[in-house]
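# Coordinates in review
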Amino acid sequence: MSKKPNQQPALHKVIMVGSGGVGKSALTLQFMYDEFVEDYEPTKADSYRKKVVLDGEEVQIDILDTAGQEDYAAIRDNYFRSGEGFLCVFSITEDESFQATQEFRDQILRVKNDENIPFLLVGNKSDLDEKRKVSLAESSARAQQWGVPYVETSAKTRDNVDKVFFDLLRKIVAQKAAENSVEKKEDTAAKNCCVIM
Ligand code: GDP
Ligand code: MG
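Below you will find a few notes about this structure.

About the thresholds
- Residues numbered from 1 in each chain as written.
- Chains lettered and ligands numbered in written order.
- Predicted model: local features only at pLDDT ≥ 70, side-chain atom pairs only at ≥ 80, totals over all residues.
- Heavy atoms only, no water.
- Helix = DSSP H or I, 4+ residues; strand = E, 2+ residues; numbered from the N terminus.
- Buried < 20%, exposed > 50% of the residue type's maximum accessible area, 1.4 Å probe, protein only.
- Arc of directions from axis to C-beta.
- Contact = heavy atoms within 4.5 Å.
- Phe/Tyr/Trp six-rings, centres within 6.5 Å; stacked < 30°, edge-to-face > 60°.
- Lys NZ or Arg CZ within 6 Å of the ring centre and 35° of its normal.
- Core = buried A, V, L, I, M, F, W, Y, C linked by side-chain atoms within 4.5 Å.
- Near = heavy atom within 4 Å.
- Polar contact = N/O pair within 3.5 Å; in protein donor to acceptor, adjacent residues only side chain to side chain.
- Areas by Shrake-Rupley, 256 points an atom, 1.4 Å probe, with all protein chains shown as cover.
- Nonpolar A, V, L, I, M, F, W, Y, C, P; charged D, E, K, R; others polar.

## Topic: unusual backbone geometry
Although it is not a glycine, Asn113 adopts a positive phi angle of roughly 55 degrees. Considering the arrangement of structural elements, one finds Asn113 in the loop between α3 (95-112) and β5 (119-124). Although it is not a glycine, Asn160 adopts a positive phi angle of roughly 65 degrees. Topologically, Asn160 is positioned in the loop between β6 (150-152) and α5 (161-196).

Written as structure tokens, this is what we have:
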């Protein structure tokens, strides 16, 4: 497909979910601005937009960094509905945050109603391995059960930060392409049907 000169690159909407304090904002800000922000306002949700080159093509990523208002079901559902891909974050140093990922997964599936929604399970704070409470085996098993990738990151050292955002973007692009081809097939089927009639 040729692109018109003034056309904006494709926009992909990513949502950061997970318990408070796991590093959703730190990951977002590290990805956006290449810096580790240690004391970002814990109750502040914000959205960010950036142009990136994904496998040779320019795209725009829109990141919604959620922050607890999602306790209100209606607000949360609205957030989740707008998302095309999810980074579900916990801290490897806090088992409770790992347990909470199940609830986020359930809420997202309920709202999106799609088992194949682009989704990564992210174990953050990998630089604090000496304080690890969640084993690699445990988190990998959960990811496998959900049929999603598991990646450990450090917003502090930047380890795997680009990887989780880019891997998720690739999944979103693939998902949109698949949906498009289904639509086209349906379109063709509809036309064929009319010609016959
Ligand atoms: P959020 O509530 O999920 O947005 O969490 P924040 O991004 O505000 O991070 C909570 C705390 O964990 C802050 O003090 C961060 O400095 C710290 N933090 C976040 N990510 C990491 C990380 O990868 N490694 C370490 N050591 N600390 C982190
Ligand atoms: Mg935050």
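Don't stop here, the text continues.
## Quick word on helix α4 (residues 136-146)
By the burial criterion, the buried members of α4 are Ser139, Arg142, Ala143 and Trp146. Buried residues of α4 fall within an arc of 95 degrees about the axis and therefore sit on the same side. For α4, exposure combined with an orientation more than 90 degrees from the buried face picks out Ala137, Gln144 and Gln145. Elements in contact with the buried residues of α4: β4 (85-91), α3, β5 and β6. Within two residues after α4, Gly147 carries a phi angle of roughly 75 degrees, on the positive side.

## As for the packing of aromatic side chains
Applying the stated criterion across every chain, the model contains seven aromatic pairs. Here Phe80 and Phe86 contribute two aromatic rings whose centre-to-centre distance is 5.9 Å and whose plane-to-plane angle is 85 degrees, an arrangement assigned as edge-to-face. According to the relative accessible area criterion, Phe86 is buried, its value standing at 0%. Chaining the aromatic ring pairs together yields one cluster made of Phe31, Phe165 and Phe166. Between Arg142 and the ring centre of Phe98, over which it is positioned, the NZ or CZ distance is 4.3 Å.

## Details of the nonpolar core
Core analysis: the biggest nonpolar cluster contains 27 residues, and Phe31, Ile61, Leu87 and Phe165 have the highest contact counts within it. Among the secondary structure elements, those contributing two or more residues to this core are β1 (11-17), α1 (24-33), β2 (46-54), β3 (57-65), β4, β5 and α5. No other element matches α5, which puts seven residues into this core. Filtering out sequence-adjacent residues up to four positions away, Leu87 remains in contact with Val14, Ile15, Met16, Val17, Leu120, Val122, Val164, Phe165 and Leu168. In this structure, Phe98, Ile117, Phe119 and Ala143 belong to the second largest nonpolar core, which totals 22 residues.

## Quick word on helix α2 (residues 73-82)
Burial in α2 covers these residues: Arg76, Asp77 and Phe80. Along the axis of α2, the buried positions cluster into a sector of 95 degrees, meaning they face one direction only. In this structure, α2 carries Ala74 and Asn78 as exposed residues pointing more than 90 degrees from its buried face. Packed against the buried residues of α2 are β1, β4 and α3.

## Here we look at the site of ligand 1
What surrounds ligand 1 is a group of 18 residues, the closest being Gly21, Lys24, Ala26, Asp127 and Ala155. A distance of 2.9 Å separates an oxygen atom of ligand 1 from a polar atom in the side chain of Ser25. Expressed as a share of its isolated accessible area of 580 Å², the protein-covered part of ligand 1 is 85%. The greatest single-element share of the shell around ligand 1, amounting to three residues, is contributed by α1. Of the residues assigned to the shell around ligand 1, the class counts are six nonpolar, seven polar and five charged.

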